[in-house]
Amino acid sequence: MPLYEHVFLARQDLSAQQVEDLTKQFSDVIGGLGGKVTKNEYWGLKSLTYRINKNRKAHMTLINVDAPSAAVTEIERQERLSEDVLRYLTIRVDELEEGPSAMMRKSDRDRDERGDRGDRGGRFGDRERSFGDRDRGERRPRRDDDAATGSEE
């Protein structure tokens, strides 16, 4: 059977449990039509680059599918009918990726780089001067008659 990677975006106002229920519903459809879901990853609530149907964020989920094309066509049809699904994308692949997807590896890498957010250094008072900083130096004192007339020479 062909192999597919299927990603769908669900509305931001759904709870994680409702998104999980949607994923279970799509998995049951695939199973009922002779396929199987090999991996299911919930990527979380992510910010979108642009608004989709007045939503600035969306719940993202990846499903790896080993199923006939009729099963994929059916879940895409159900997603078009569902008001909870904003977008979906199905890609046919030669082989399914083992282990965590690139999105999951990215979040692990980011967490490792930030660590526990310890010493941030280089902030305000303890920083050295950089390119954009200028030497303000001494200002010339104002003369009393300039202040009174509001004019400069």
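Residues numbered from 1 in each chain as written. Predicted model: local features only at pLDDT ≥ 70, side-chain atom pairs only at ≥ 80, totals over all residues. Heavy atoms only, no water.

Draft legend 1. Quick peek at the sheet that holds strand β2 (residues 36–52). Pairing is antiparallel across the open sheet formed by four strands, whose spatial order is β2-β3-β1-β4. Only two strands of the sheet have a single neighbouring strand rather than two, namely β2 and β4 (85–93). Looking at each pair of strands side by side, their axes are set apart by 20° on average, direction ignored. Note: strand β1 (residues 3–11) against β4, eight bridges, orientation antiparallel. Residue V7 lies in a different strand from β4, and its bridge partner there is L89. (Pairing = 2+ DSSP bridges. Helix = DSSP H or I, 4+ residues; strand = E, 2+ residues; numbered from the N terminus. Axes fitted to C-alpha atoms, helices over the stretch in contact; angles between N-to-C directions.)

Draft legend 2. Summary view of helix α1 (residues 16–32). With 17 residues, α1 should cover 24 Å at 1.5 Å per step; its first-to-last C-alpha distance of 24 Å lies within 8% of that length. Taken residue by residue, α1 has V19, L22, T23, F26, S27, V29 and I30 as its buried positions. What you see down the axis of α1 is that its buried residues fit within an arc of 155°, all on one side. Counted as exposed and oriented over 90 degrees from the buried face of α1: E20, K24 and G32. In this fold, the buried residues of α1 make contact with β1, β2, β3 (55–66), α2 (69–81) and β4. Trailing α1 by a residue or two, G34 shows a phi angle of about 90°, which is positive. (Expected span 1.5 Å × (residues − 1). Buried < 20%, exposed > 50% of the residue type's maximum accessible area, 1.4 Å probe, protein only. Arc of directions from axis to C-beta. Contact = heavy atoms within 4.5 Å.)

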